Amino acid sequence: MPVREAEEREEFDVAVVGGGPAGSTAATLIARRGHRVALLERERFPRYQIGESLLPATVHGVCRLLGVSDDIEAAGFQVKRGGSFRWGTGPEPWNFLFALSPQLSGPTSYAYQVDRMTFDDILLKNAARHGVDVREESTALEAVRGPDRVSGVRYTGPDGAAREISARYVLDASGGSGRLSRAVGGERTYSEFFRNLAVFGYFEGGGRLPGPDRGNILCAAFDKGWLWYIPLSDTLTSVGAVLHRDQAARIQADREGALRDAIDRCDIVREFLSGATRVTEGTYGEVRVRKDYSYANTRFWAPGMALIGDAACFIDPVFSTGVHLATYGGLLAARSVNGVLSGDLDEARAFGEFEARYRREYAVFYEFLSAFYDMDQREDSYFWKARKVTGSENLTSMEAFTTLVGGAFSGERALVDASAVSERFSASSAQLADAVARTGPAQTHSGERMNNLFGAPVVSEVMQEMNSIQRRGVTGPGTGEAPLIDGGLVPSADGLGWAEPDA
């Protein structure tokens, strides 16, 4: 019996729950510092996952740090130069190109549309190559609690037997539906502003944007919401409609009918799909629904445990932020774990930096996306009326925002005063609308007109940290970054930990 107990309880430095982009990123970067890492994944990869559109900070920043750039390039994913939007007052699509700044235009001004089954499998296999003990078909049951901290995780393996891992840290990357996050305390707060439903499927033979924009994601607003149109290959396209949650009953009663109705209401997508057929068999043959797009936990960490990826937060998909926030959270958590395990930092200092940066990234995207929604002028629709930032009727949404992102920034008046938030968002919306108008219709080359967008404060702020991650990937370690947070830390020279800034 003692031998059996020893076999069922193992010791690691870190246990990561979830093998998606957040979990694989964190596990790999911690293992690269020589720590013992176990990763528990409940499914067998490759498996289906939504979220096919990546940002350059992930491709050229995080993926280079992980050592998977060659694997990603070899996979043959659809290259995208940016996003194309039929959104706002103008009738013509306009581009948001991935020359994120004049300094980063050129060889890394692109990202990919990816098959997540392939992309996630690449990241998970890479974790195993770096020494992570990857255990698929292993379901986490609960966090193990010691007297004053989380000290491990209980799980069942492929044979159904219960086991336990003791670890200095547990990172929960189990997604939005996992229960392990309860161990950090706090609660999940949803945004009324972004609380939508999405119904989506896949089509063969759809049209493409002209020239070098053919790989771009297209987001097109219509009277009842908006549609995404993601070219995954020369012939396969992911198409989804984001609608108000009051459409839930209708969507559940007829998913395909709801998707078709949305497509019929949006002329540009309807025309692209005029000669296409919906995929009805295999992995892509189902019309799926996802709900409750935007939320954040009121706590991201507790002693011995941190939340990353969808376990921590998620925000509306219009700018393809899901994988970015997931890999960014994994990177931040890895730096904090590495800093503590090396003895360089105490836990509160390291994970204070983790939560402050993570909440800041969520906050700037929340403001940017709120301003983006506020740009649309279809005010005859309940969907769009409910997303107007200005006006007293939206005070509840502004108060919800302060709850979502307050955290380490609770001392900033603009994030604790709902009226101040509403006023700032109104200004951001006006700035963004003006920048889009000056940029003009879709451009095939970045240049002076595209720089109009980057001159808008709401855009430059949301690009700040993504630029930093991408720049580190392009130029290598030791780039002399300044603290992002007042009194905060900076990345270590190798990018895998934290360091105190130079005096």
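Residues numbered from 1 in each chain as written. Predicted model: local features only at pLDDT ≥ 70, side-chain atom pairs only at ≥ 80, totals over all residues. Heavy atoms only, no water.

To keep things clear, this is the line we draw: UniProt positions are given in the numbering used here, feature names are shortened, and annotations may be inferred rather than shown by experiment.
Per an unreviewed UniProt entry, the protein chain is named Tryptophan 7-halogenase, and its organism is Nocardiopsis endophytica. Looking at the Sequence similarities (unreviewed entry) heading of the UniProt record, one finds this comment for the protein chain: "Belongs to the flavin-dependent halogenase family. Bacterial tryptophan halogenase subfamily."

## A closer look at the side chain of Gln113
Selection criterion: Secondary structure is summarised from DSSP: a helix means a run of H or I of at least four residues, a strand means a run of E of at least two, and numbering begins at the N terminus for each. Burial classes: relative accessible area under 20% of the type maximum marks a residue as buried, over 50% as exposed, and values in between as partly exposed (1.4 Å probe, protein chains only). In the analysis that follows, any N or O atom pair within 3.5 Å is treated as a polar contact, provided that within protein one partner can donate a hydrogen and the other can accept it, and provided that, for residues neighboring in sequence, both atoms belong to side chains. Contact between two residues is taken to exist if any of their heavy atoms lie within 4.5 Å; hydrogens are not considered.
Checked against the element boundaries, Gln113 lands in strand β6 (residues 111–113). Gln113 sits in the buried class, given a relative accessible area of 0%. Only 2.8 Å separates the side chain of Gln113 from the backbone oxygen of Gly215, close enough to count as a polar contact. Once residues within four sequence positions are removed from consideration, Gln113 is found in contact with Glu52, Ser53, Phe77, Gln78, Lys80, Gly215, Asn216, Ile217, Ile230, Pro231 and Leu232.

## Some details on the packing of helix α9 (residues 322–341) against helix α15 (residues 457–475)
Between two packed helices, what matters for the description is the angle formed by their axes and the separation of those axes. How we decide: Here an angle of 0 to 180 degrees is reported between the N-to-C directions of two axes, which are lines fitted to C-alpha atoms, with helices fitted over the stretch in contact. Note on terminology: angles under 35 degrees are roughly parallel, angles over 145 are roughly antiparallel, angles of 65 to 115 are roughly perpendicular, and the others are oblique. Helix crossings are classified by the rotation of the near helix relative to the far one: an anticlockwise turn of less than a right angle makes the crossing left-handed, while a clockwise turn makes it right-handed. Any residue that is not Ala, Val, Leu, Ile, Met, Phe, Trp, Tyr, Cys, Pro, Asp, Glu, Lys or Arg is counted as polar, Gly included; the first ten are nonpolar and the last four charged.
Interhelical geometry of α9 versus α15 gives an angle of 70° and a closest axis separation of 12 Å. Considering the angle they form, α9 stands roughly perpendicular to α15. The handedness of the crossing between α9 and α15 comes out as left-handed. Mapping the contact onto sequence places His324, Tyr328 and Arg335 in α9 and Glu465, Met466, Ile469 and Arg472 in α15. Class assignment of the residues belonging to the contact of α9 with α15 gives a composition of three nonpolar, one polar and three charged.

## Focus on the packing of helix α2 (residues 21–31) against α9
Contact geometry for α2 and α9: axes closest at 8 Å, N-to-C directions at 30°. With respect to α9, the element α2 is oriented roughly parallel. When the axes of α2 and α9 are compared, the crossing they make is right-handed. Contact residues: Pro21, Ala22, Thr25, Ala26, Leu29 and Ile30 in α2; Val323, Ala326, Thr327, Gly330, Leu331, Ala334, Val337 and Asn338 in α9. Here the residues of the contact of α2 with α9 are counted per class, giving 10 nonpolar, four polar and no charged.

## Description of the sheet that holds strand β11 (residues 188–190)
To be explicit about the condition: We call two strands paired when DSSP finds no fewer than two bridges between them.
In spatial order, the strands read β11-β18-β21; together these three strands make up an open sheet with antiparallel pairing. Either end of the sheet is taken by a strand with one partner, and the two such strands are β11 and β21 (313–314). Examined bridge by bridge, β11 and strand β18 (residues 295–297) share three bridges and lie antiparallel to one another. Residue Tyr190 lies in a different strand from β18, and its bridge partner there is Tyr295.

## Description of the packing of aromatic side chains
Selection criterion: Side-chain rings of Phe, Tyr and Trp, where Trp is taken by its six-membered ring, are said to pair if the distance between their centres is within 6.5 Å; with planes under 30 degrees apart they count as stacked, over 60 as edge-to-face, and otherwise as tilted.
On inspection of all chains with the given rule, the structure shows 32 aromatic pairs. The interplanar angle of 20° and the centroid separation of 5.0 Å between the aromatic rings of Phe85 and Phe319 together place this pair among those described as stacked. Separated by 234 residues along the polypeptide, Phe85 in strand β4 (residues 82–86) and Phe319 in the loop between β21 and α9 bring together distant segments of the chain. No difference in accessibility class separates Phe85 from Phe319, as the two residues are buried.

## A closer look at the nonpolar core
To be explicit about the condition: Residues enter a nonpolar core if they are buried and are Ala, Val, Leu, Ile, Met, Phe, Trp, Tyr or Cys, with the set joined through side-chain atoms within 4.5 Å.
Of all hydrophobic cores here, the largest spans 135 residues; its most connected members are Trp87, Phe96, Leu171, Val318, Phe354, Tyr373 and Leu432. Considering every element that reaches this core, the biggest residue donor is helix α10 (residues 347–375), with 15 residues. Those residues in contact with Trp87 that sit more than four places away from it in its chain are Trp94, Cys219, Ala221, Trp226, Val318, Phe372, Tyr373, Met375, Asp376 and Trp384. Grouped together as the second largest cluster of nonpolar side chains are 24 residues, Ala220, Leu243, Leu259 and Leu273 included.

## Here we look at the environment of Ala220
One can find Ala220 in strand β13 (residues 217–222). For the pair Ala220 and Gly88, spaced 132 residues apart in sequence, the C-alpha to C-alpha distance is 9.5 Å. Once residues lying within four places of it in the same chain are set aside, the contact partners of Ala220 are Arg86, Gly225, Trp226, Leu227, Cys266, Ile268 and Val269.

## A closer look at the pattern of salt bridges
Using the following cut-off: One side-chain nitrogen of Lys or Arg within 4 Å of one carboxyl oxygen of Asp or Glu is enough to make a salt bridge.
Evaluation of the coordinates by the stated rule reveals 30 salt bridges. Across the pair Arg255 and Glu286 runs a salt bridge whose closest N-O atoms are separated by 3.9 Å. Note that Arg255 is positioned in helix α7 (residues 255–265) and Glu286 in the loop between β16 (277–278) and β17 (288–291), a separation of 31 residues in sequence. Judged by relative accessible area, Arg255 falls into the partly exposed class, the value being 28%. One salt bridge connects Glu465 with Arg357, and the closest N-O pair in it is separated by 3.0 Å. Of the two residues, Glu465 is situated in helix α15 and Arg357 in helix α10; the sequence distance between them amounts to 108 residues. By relative accessible area, Arg357 is classed as buried at 1%. Salt bridges here are not isolated pairs; linked through shared partners, they connect Arg9, Glu142, Arg154 and Glu164.

## Quick notes on the side chain of Asn196
Among the secondary structure elements, Asn196 is positioned in strand β12 (residues 196–204). Note on Asn196: relative accessible area 1%, which makes it buried.

## Structural notes on unusual backbone geometry
In this chain, Phe45 is followed by Pro46 through a cis amide linkage whose omega measures -5°. Relative to the elements of secondary structure, Pro46 occurs in the loop between β2 (37–41) and α3 (56–66). Positive phi is not limited to glycine here, since Glu137 has a value of about 50°. Here Glu137 lies in the loop between β7 (133–136) and β8 (139–145). Positive phi values are uncommon outside glycine, yet Ser320 reaches one of about 60°. Structurally, Ser320 is set in the loop between β21 and α9. Assessed through its relative accessible area of 10%, Ser320 is described here as buried.

## Notes on α7
Quick reminder of the rule: When we speak of the arc, we mean the arc of directions from the helix axis to the C-beta atoms.
Buried residues of α7: Ala258, Leu259, Ala262 and Ile263, and no others. Looking straight down α7, one finds that the buried residues subtend no more than 135° of arc, so they occupy a single side. On the buried face of α7, the contacting elements are β12, β13, β14 (225–231), β15 (236–244), α6 (248–253) and α8 (267–272).

## Some words on α10
Formally: The length a helix should cover is 1.5 Å for every residue beyond the first.
Taking 1.5 Å per residue, 29 residues should reach 42 Å; α10 reaches 42 Å between its end C-alpha atoms and fits that length. Most of α10 is tucked away, with 26 of its 29 residues classed as buried. N-cap assignment for α10: the residue whose side-chain oxygen lies 3.1 Å from the backbone N of Ala348 is Asp346.

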